[in-house]
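# Observations on the three-dimensional arrangement
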Amino acid sequence: MKFGKEFSSQMVPEWEKAYVQYDYLKTLLKDIQRFKQRTRPPASPGGLKRNLTLYRAFSGLTQWQQHNPVSPSSASDIESQTILVNSVSKNGGHSYETTFRMSADEGGEYELVYFRRLDDEFNKVDKFYKSKVQELLKEAATLNTQMDALIAFRIKVENPPASFFDRTSDESIDDKDKIKEKNNMKKKAHEEQKKPVEVKAPRPRPRPAPLEILEKVKINNTKETPRSTIKTVLGVPHQTEIKFNRENLRKVEDQLKQAFVEFYQKLRLLKSYCFLNTLAFSKIMKKYDKITLRNASNSYMKMVDNSYLGSSEEVFKLMERVEATFIKHFSNSNRSKGMNILRPKAKRERHGTTFSTGFFAGCTAALIIALIFIIRTHDILHKQGQKQYMDNMFPLYSLFAYIVLHMLMYATNIYYWRRFRVNYSFIFGFKQGTELGYRQVLLVGFGISVLALLTVICNLDMEIDPLSKDYHGLTEYLPLILVLVLLVALLFPFNIFYRSSRFFFLVCLFHCIAAPLYKVTLPDFFLADQFTSQVQALRNLEFYICYYGWGDVRHRTNYCSKSTVFNTFNFIVAVIPYMCRFLQCLRRLFEEKDPMHGYNGIKYFLTIVAVCMRTALNLDGGKGWEVLAWNFSVLAAIFGTYWDLVLDWGLLNRHSKNRWLRDKLLVSKKSVYFIAMLLNVLLRFAWIQTVVKFDFDFMHRNTLIAIVACLEIIRRGIWNFFRLENEHLNNVGKYRAFKSVPLPFNHDEDEDL
């Protein structure tokens, strides 16, 4: 792989603008090269050049071991240098400027432009790196104070005997210095044994961390519960006094442990940033020397090595100290265990997953073809039982179609998010190494589809038993059995079937249901938005309860449409996802005081009214309901379309350099955005069929409902990609690459913060 591609692939996506623009500098070098090729005389045959290298002086194999001091350059050496790099103060800051001494040469203006842009890039990188290091140093100081409080907390809870401190050394964050000190003490003791015995003063005992620090700290109430939310609304003060018990100690240790892990990841990213940019400057200067036949890379890289980017060691020292502290205090001095937590191994794509995904995909295709042949061969569509099947069994099985289609769209989203370097794992807040790839999602989706298609084929027999005039009981219960199997797999507590992802999903689902009692995060409202596109699936679940609870399963009939309770819940079930989003918007409006959340809440309120009006129209069919359904549905669709395109996607900006789009686009083809906007508008108005009530002779009403529901799921899948793309670009604009981890202790001096 060429360095340019490798350089791009290893960038921190949110810091992309802060990296050296390697490709841009290469284009400047290509301009120099093209000029040289136009003006340079034809080169001599390559064979002579290759042969001459055989007669060059031998530089020696051990020359690199010589560490001779660098003597000051003579005047003649300076005169022969191509460039001079000086440190200057500009606008109250510190920067570097390169003086190109060969600007009078033919084509020197091209090289002059190159060095100006090179200086701009280096100063940008150096400034960014220094600012990030300063931020981490401040965070390290905060973690030091937190660790002092934790150690004091441990002493208060565990109350170790005084003799314990005789056997332990001082609690210092710099374990390497302690190891060196211990080794030096052993050497001194060995030397002292050879000397005459002298009476020495007893060595002072190491003392534990001071407990006075606990008088200056309070416990942060970082874990929010419905109870704490209600207390906040009622104005009840939170409990901030420290209770010294083992349960609180465990919570504090877990929080601080997570803070150290996240801090270490920041250090690793910053170290990688420093290394990649330094390597990029080295590569680009070597290309310059090769094209111009000059020797400027040594001078420039000497400046890079002496700059803050090249000479600062704060990040490396912090990494060593964090490792030592984490291993000692959070992994019981087990280095391998501690480093496995600090540096989790990258998740590898397993061949078994790829094979299983392909196998289930092939089975799905084969079963669909088999199903089509069965229907055609037995002419099922023209039998008397066809309408009965569509009224009773089709809503049961279409539920699995909605789930599988949504998972296929999500897998497609993941594939393109990775392709366009959208950091979806960071945006959603997945634990590192536990996020599912598109192959895993496809595996689950195709697995569900195989099970569903098998039950459809087993249940497709339309013929009633002529003796008992009923259907086979076991096959009639297959859809219910499959739903229960999926629920058990979702709630399975053991560490199989992607337990971390299932737990993450269930937590977000509970937060959606319990809105507005929990603080709203992006995964919570993103999942609630997914459920707004699965209203028909929720209605199918309601039909499951009605059909298997009160329907005549053996005769394949139901009385749901005649039930007042069922029709009432038809309203409630359809409104639940939109109500969750409405309450989430109110919670964010209450906390953040941003009126945009209020406007977003109005959007969902209009949708709630529109859904209720359309449901009433389907049940009653009166003219008044039709007028109300039309008015509220059009208003909600226009409001929702505008919100999707302008606010969620960040498009339709007429002042953008990309007309009617954004300034920054991840997809190079602009037509993709216009097609997506057009599809969003068209699919937003798919509700028209519920008001106009299109009827086709060749299509059952439930089939049309299923098609419209699938179109809404597809619209949501398209929305997902551009919604997360816009979120990612907002993070990029703010260089936001880390999530904030709440700390367990709050110090008195931090009250204002």
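Only a predicted model underlies this, so the values are computations on that prediction, with no experimental measurement involved.

### A few points about the packing of helix H15 (residues 385-392) against helix H16 (residues 394-419)
H16 packs onto H15 with a crossing angle of 55° between their chain directions and a minimal axis gap of 4 Å. Classed by the angle they form, the pair H15 and H16 counts as oblique. Residue-level inspection shows Tyr 389, Met 390, Asp 391 and Asn 392 of H15 in contact with H16, the latter providing Phe 394, Pro 395, Leu 396 and Tyr 397. Tallied by class, residues from the contact of H15 with H16 come to six nonpolar, one polar and one charged.

### Notes on the state of the cysteines
Such a bond, covalent and formed between the sulfur atoms of two cysteines, is termed a disulfide. Inspection of the entire model under this criterion finds one disulfide. At a sulfur-sulfur separation of 2.0 Å, the disulfide partner of Cys 546 is Cys 560. Because the sign of the S-S torsion sets the handedness, a value of about -120° for the bond joining Cys 546 and Cys 560 places this disulfide among the left-handed ones. Of this pair, Cys 546 sits in helix H23 (residues 535-550) while Cys 560 sits in the loop between H23 and helix H24 (564-592); the two residues are 14 residues apart in sequence, bridging distant segments of the chain. Each member of the pair, Cys 546 as well as Cys 560, is classed as buried.

### Concerning unusual backbone geometry
Cis rather than trans, the peptide bond between Ala 515 and Pro 516 has omega equal to 10°. By secondary structure assignment, the location of Pro 516 is in the loop between helix H21 (499-513) and helix H22 (522-532). Phi at Asp 379 takes a positive value of approximately 50°, unusual for a residue other than glycine. Locating Asp 379 in the fold gives a position in the loop between helix H14 (351-377) and H15. Residue Lys 593 is not a glycine yet carries a positive backbone phi of 55°. One can find Lys 593 in the loop between H24 and helix H25 (595-620).

### A look at the pattern of salt bridges
Under the definition given, this model contains 26 salt bridges. Here Glu 323 makes a salt bridge to Arg 335, at a shortest N to O gap of 3.7 Å. One end of the pair, Glu 323, is in helix H12 (residues 314-330); the other, Arg 335, is in helix H13 (residues 335-342), with 12 residues separating them in the sequence. A salt bridge links Lys 387 to Asp 391; its shortest N-O distance comes to 2.9 Å. Highlighted residues: Lys 387 and Asp 391, both in helix H15, separated by four residues, approximately one helical turn. Through salt bridges with shared partners, one network takes in Lys 36, Asp 105, Glu 111 and Arg 294.

### A closer look at a positive patch on the surface
Among the surface-exposed residues, Lys 2, Lys 5, Lys 30, Lys 283, Lys 286, Lys 287 and Lys 290 lie close enough to one another that they form a single positively charged patch. Here the positive patch takes four residues from helix H9 (residues 246-292), the largest share from any one element. Checked against the element boundaries, Lys 5 lands in helix H1 (residues 3-9).

### Quick look at H12
With 17 residues, H12 should reach 24 Å at 1.5 Å per residue; the first-to-last C-alpha distance of 23 Å fits that figure. Along H12, the residues that are buried comprise Val 315, Leu 318, Met 319, Val 322, Glu 323, Ala 324, Thr 325, Phe 326, Ile 327, His 329 and Phe 330. Backbone geometry just after H12 places Asn 332 at a positive phi near 55°.

### Observations regarding helix H27 (residues 671-684)
A rise of 1.5 Å per residue sets the reference length of H27, with its 14 residues, at 20 Å; its end C-alpha atoms lie 20 Å apart and thus fit the reference within 8%. Buried residues of H27: Tyr 673, Ala 676, Met 677, Asn 680, Leu 683 and Arg 684, and no others. One side of H27 carries all its buried residues, which in axial view fall inside an arc of 140°. Across from the buried face of H27, at angles greater than 90 degrees, the exposed residues are Leu 678 and Leu 682. Tucked into the core, H27 has its buried residues touching helix H26 (623-648) and helix H29 (701-733).

### Some remarks on the nonpolar core
Among the nonpolar cores identified, the biggest contains 76 residues, and Phe 7, Tyr 114, Phe 115, Leu 118, Tyr 129, Met 285 and Tyr 300 are the most heavily contacted of them. Beyond its immediate chain neighbours, meaning those up to four positions away, Tyr 129 contacts Leu 270, Tyr 273, Cys 274, Tyr 308, Leu 309, Ser 312 and Val 315. Formed by 33 residues, the second largest nonpolar core is a distinct cluster that contains Met 393, Phe 400, Leu 405 and Phe 566.

### Some points on a nonpolar patch on the surface
A cluster of nonpolar residues, Ile 230, Val 233, Leu 234, Val 236 and Phe 590, forms a patch on the protein surface that exposes about 490 Å² of accessible area. Tallying contributions element by element places helix H8 (residues 226-234) first for the nonpolar patch, with three residues. Note on Val 236: relative accessible area 37%, which makes it partly exposed.

### A word on the confidence of the model for the chain
The share of residues in the chain with pLDDT of 70 or more is 83%, and the mean pLDDT across the chain is 84. Helix H6 (residues 164-167) is the least confidently modelled element of the chain, averaging 46 in pLDDT, while H16 averages 96, the highest of any element. Here residues 46-50 scores under 50 on pLDDT; set against residues more than four positions off or in separate chains, the count is zero contacts. Confidence over residues 164-176 falls short of pLDDT 50; this stretch has 24 contacts with residues more than four positions distant or in other chains.

### Some words on the environment of His 329
Along the chain, His 329 turns up in helix H12. For His 329, a relative accessible area of 11% gives the class buried. With 72 residues separating them along the chain, His 329 and Lys 257 place their C-alpha atoms 9.1 Å apart.

### A short note on the environment of Tyr 415
By the element assignment, Tyr 415 lies in helix H16. Among the residues examined, Tyr 415 registers a relative accessible area of 35% and is labelled partly exposed.

### Structural notes on the packing of aromatic side chains
Summed over the entire model, instances satisfying the criterion amount to 49 aromatic pairs. Measuring from centroid to centroid gives 5.1 Å for Phe 3 and Tyr 22, while their planes differ by 75°, and the two rings are edge-to-face. In this pair, Phe 3 is assigned in helix H1 and Tyr 22 in helix H2 (residues 22-39), connecting sequence segments 19 residues apart. For Tyr 22, a relative accessible area of 3% gives the class buried.

Calculation notes
- Residues numbered from 1 in each chain as written.
- Predicted model: local features only at pLDDT ≥ 70, side-chain atom pairs only at ≥ 80, totals over all residues.
- Heavy atoms only, no water.
- Axes fitted to C-alpha atoms, helices over the stretch in contact; angles between N-to-C directions.
- Helix = DSSP H or I, 4+ residues; strand = E, 2+ residues; numbered from the N terminus.
- Parallel < 35°, antiparallel > 145°, perpendicular 65-115°, else oblique.
- Contact = heavy atoms within 4.5 Å.
- Nonpolar A, V, L, I, M, F, W, Y, C, P; charged D, E, K, R; others polar.
- Disulfide = S-S within 2.5 Å.
- Buried < 20%, exposed > 50% of the residue type's maximum accessible area, 1.4 Å probe, protein only.
- Salt bridge = Lys/Arg side-chain N within 4 Å of Asp/Glu carboxyl O.
- Patch = residues over 30% accessible without salt bridge, like charges linked within 9 Å, V, L, I, M, F, W, Y side chains within 5 Å.
- Areas by Shrake-Rupley, 256 points an atom, 1.4 Å probe, with all protein chains shown as cover.
- Lys, Arg positive; Asp, Glu negative; His and termini not counted.
- Charge placed at Lys NZ, Arg CZ, Asp CG, Glu CD.
- Expected span 1.5 Å × (residues − 1).
- Arc of directions from axis to C-beta.
- Core = buried A, V, L, I, M, F, W, Y, C linked by side-chain atoms within 4.5 Å.
- pLDDT = per-residue confidence, 0-100.
- Phe/Tyr/Trp six-rings, centres within 6.5 Å; stacked < 30°, edge-to-face > 60°.

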